[in-house]
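The chain contents come next:
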There are 2 protein chains.
Amino acid sequence: MLELEERIRRNGIVEGGEVLKVDSFLNHQIDVTLLEAMGREWARLFAGEGVNKILTIEASGIGIACIAAQVFEVPVVFAKKSRTKNIAGDVYKVEVPSFTHGGVSEVIVSKRFLLPTDRLLLIDDFLANGAALEGLIDLAAQAGAAVIGAGIAIEKGFQPGGERIRAKGVRVESLARIKSMEAGKIEFF
Amino acid sequence: MLELEERIRRNGIVEGGEVLKVDSFLNHQIDVTLLEAMGREWARLFAGEGVNKILTIEASGIGIACIAAQVFEVPVVFAKKSRTKNIAGDVYKVEVPSFTHGGVSEVIVSKRFLLPTDRLLLIDDFLANGAALEGLIDLAAQAGAAVIGAGIAIEKGFQPGGERIRAKGVRVESLARIKSMEAGKIEFF
């Protein structure tokens, strides 16, 4: 998606070779007009697939998912990073390693909000090693819900997550797919 | 706002006298159509005030803020709950006690995204003891930004946060203001 690629070139900041900061428009400050364009693009790509719910993970995915959900006219469910190990109630759970913060987060969704009849679109801001997205796929599987595909804003194509998840048969639509960020210069596929 | 009050009566679950669960439409599963109506209502209430940015706090505030921001045609900034104590870079910080999870969260915003020229609308899903909202007001003050007001989805009017924050001169517009939840029966002001 050219608009997102141009925005990344203009406002993205490459740090230390593998970190891409997009916090001025995507995951700290948020340009909702850009998010609307992204939502429309995923709606075009997944048209006719009968998506009835969007599943994302807190925190950066939530805004992107909500605005996409307006275009799809479906509800959003966001998986929560549990801060206590003693969550009460009936939840699906998965452990997701965090590369940003280190350690492992327990990620949960209430069983009431993921159903075997669901046709889910998974949404997230980044796809790199794929841990968060695999966590969402696992939660969907626990519920017996169908995963129609994943809508990713930015895929780091030089990291293995996208390839591994596509190899499982999951359709992944990344709106900007980065080939390399060497010497601070961002190249897209 | 009648639509939100009716939704709370219909789908809200009172637990243990003081907990109101609205996770089927507001802060776990999200009804984006309801969020659109809420955004329009805050836009009506704060019309002509020159709001140029919405400030919220992760995670539940983000979806509400993003959809409101579409109506206001402004960007969102969300304050982050720091998971590491050694955040790098130039941030405003405040400590916010968490009544849901216990303990204290360090909440941060990059200095690049809060400016002395900003006219902020603060958005959050709940106002009860007021800790999160006071944290946002503190972050705005550190930046020298003006706080035009706070848009709250649900205020627990029987807890002291709303009164304390209004006493500071901050305009608080809560779309549903609960007077009592005794015996599971929800009464609004």
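Residues numbered from 1 in each chain as written. Chains lettered and ligands numbered in written order. Predicted model: local features only at pLDDT ≥ 70, side-chain atom pairs only at ≥ 80, totals over all residues.

Visitor: What is the right way to look at the overall build of chain A in this model?
Guide: Helix and strand counts for chain A come out as five helices and 11 strands. Taken over C-alpha atoms, the radius of gyration comes to 16 Å for chain A, in line with the 16 Å a tight globule of 189 residues would show. Dimensions along the principal axes, computed over C-alpha positions, put chain A at roughly 50 × 40 × 30 Å. Burial analysis of chain A (189 residues in total) assigns 47% to the buried set. Taking contacts inside chain A between residues at least 6 apart in sequence as the whole, the part at least 24 apart equals 60%. (Helix = DSSP H or I, 4+ residues; strand = E, 2+ residues; numbered from the N terminus. Rg over C-alpha atoms; globule rule 2.2 N^0.38 Å. Buried ≥ 20, exposed ≤ 12 C-beta atoms within 10 Å, placed from the backbone. Contact = placed C-beta atoms within 7 Å.)

Visitor: How should the relation of the copies chain B and chain A be read in this particular structure?
Guide: Both copies of the chain are related through a single rotation about an axis accompanied by a shift along the same axis. For the pair chain B and chain A, the superposition axis carries a translation of 0.0 Å, the fit reaches an RMSD of 0.0 Å, and the rotation angle comes to 180°. As the rotation angle and translation indicate, the two copies are arranged about a two-fold axis. Residue by residue, 100% of the interface of chain B is reproduced at the interface of chain A, so both copies engage with the same surface. (Least-squares fit on C-alpha atoms with pLDDT ≥ 70 in both.)

Visitor: Please explain the interface of chain B and chain A as it appears in this structure.
Guide: When the parts come together, some accessible area is lost, and that loss is often what is quoted as the size of the interface. If you look at the interface, chain B gives 25 residues, while chain A gives 25 residues. If you list the elements that add at least two residues to the side of chain B that touches chain A, you get β3 (29-30), α2 (32-45), α3 (60-72) and β5 (76-82) of chain B. No other element matches α3(B), which puts six residues into the side of chain B that touches chain A. A breakdown of the residues in the side of chain B that touches chain A according to their chemical character gives 13 nonpolar, seven polar and five charged. Alignment of strand β5 (residues 76-82) of chain A against β3(B), held across two bridges, turns out to be antiparallel. (Nonpolar A, V, L, I, M, F, W, Y, C, P; charged D, E, K, R; others polar. Pairing = 2+ DSSP bridges.)

Visitor: Any chance you could explain unusual backbone geometry here in plain terms?
Guide: Backbone geometry follows two general trends: most residues other than glycine have a negative phi, and most peptide bonds adopt the trans configuration. The step from A:E58 to A:A59 runs through a cis peptide bond, and the omega angle for that step is -5°. Even without being glycine, A:A183 reaches a positive phi, approximately 55°. Take A:A183: it is sitting in the loop between β10 (172-180) and β11 (187-188). Backbone geometry places B:E73, a non-glycine residue, at a positive phi of 55°. Within the element layout of this structure, B:E73 appears in the loop between α3 and β5.

Visitor: What is the right way to read helix α3 (residues 60-72) of chain A from this model?
Guide: Along an α-helix, a turn takes 3.6 residues, which lines up residues three or four apart on a common side. Residues and elements named next belong to chain A. Compared with an ideal rise of 1.5 Å per residue, which puts 13 residues at 18 Å, α3 spans 19 Å between its outermost C-alpha atoms and is within 8% of the ideal. For α3, the buried fraction is high: 12 of the 13 residues fall into the buried class. Of the positions making up α3, those classed as buried are S60, G61, I62, G63, I64, A65, C66, I67, A68, A69, Q70 and F72. Within two residues after α3, E73 carries a phi angle of roughly 55°, on the positive side. (Expected span 1.5 Å × (residues − 1).)

Visitor: For this particular structure, what's the right way to read the environment of B:A47?
Guide: If you trace the backbone, B:A47 turns up in the loop between α2 and β4 (53-57). Residue classification places B:A47 among the exposed positions, given that 10 C-beta atoms sit within 10 Å.

Visitor: How should the pairing of strand β4 (residues 53-57) of chain A be read in this particular structure?
Guide: Looking down a regular strand, the side chains alternate between one sheet face and the other. All names here are of chain A. Most of β4 is tucked away, with five of its five residues classed as buried. The side-chain alternation of β4 yields two buried faces, one formed by K53, L55 and I57 and the other by I54 and T56. Inspection of the sheet shows β4 paired to strand β8 (residues 119-127) by three bridges, in the parallel sense. Paired with L55 across the two strands is L122, which belongs to β8. Relative to β5, β4 runs parallel, the two being bridged by four bridges. Of the residues in β5, the one forming a bridge with L55 is V77. Handedness of the β4-α3-β5 crossover: right-handed. (Right-handed = clockwise from strand over helix to strand, strands pointing away.)

Visitor: Just to check I follow, could you spell out the packing of α3(A) against α3(B) for this structure?
Guide: Running from amino to carboxyl end, α3(A) crosses α3(B) at an angle of 50°, the nearest separation of the two axes being 8 Å. Viewed along their axes, α3(A) and α3(B) adopt a mutual orientation that is oblique. Every pair of crossing elements has a handedness; the one defined by α3(A) and α3(B) is right-handed. Of the residues in α3(B), those touching α3(A) at A:I62, A:G63, A:C66 and A:I67 are B:I62, B:G63, B:C66 and B:I67. Classifying every residue of the contact of α3(A) with α3(B) by side-chain character gives six nonpolar, two polar and no charged. (Axes fitted to C-alpha atoms, helices over the stretch in contact; angles between N-to-C directions. Parallel < 35°, antiparallel > 145°, perpendicular 65-115°, else oblique. Left-handed = near helix turned anticlockwise from the far one by under 90°.)

Visitor: Help me out: how do you make sense of the environment of B:L136 in this one?
Guide: Residue and element names in this part refer to chain B. Mapping L136 onto the fold places it in helix α4 (residues 131-143). Along the primary structure L136 and I108 are separated by 28 residues, whereas in three dimensions their C-alpha atoms are 9.5 Å apart. Leave out the neighbours within four places in its chain, and L136 touches L55, I57, A79 and L122.

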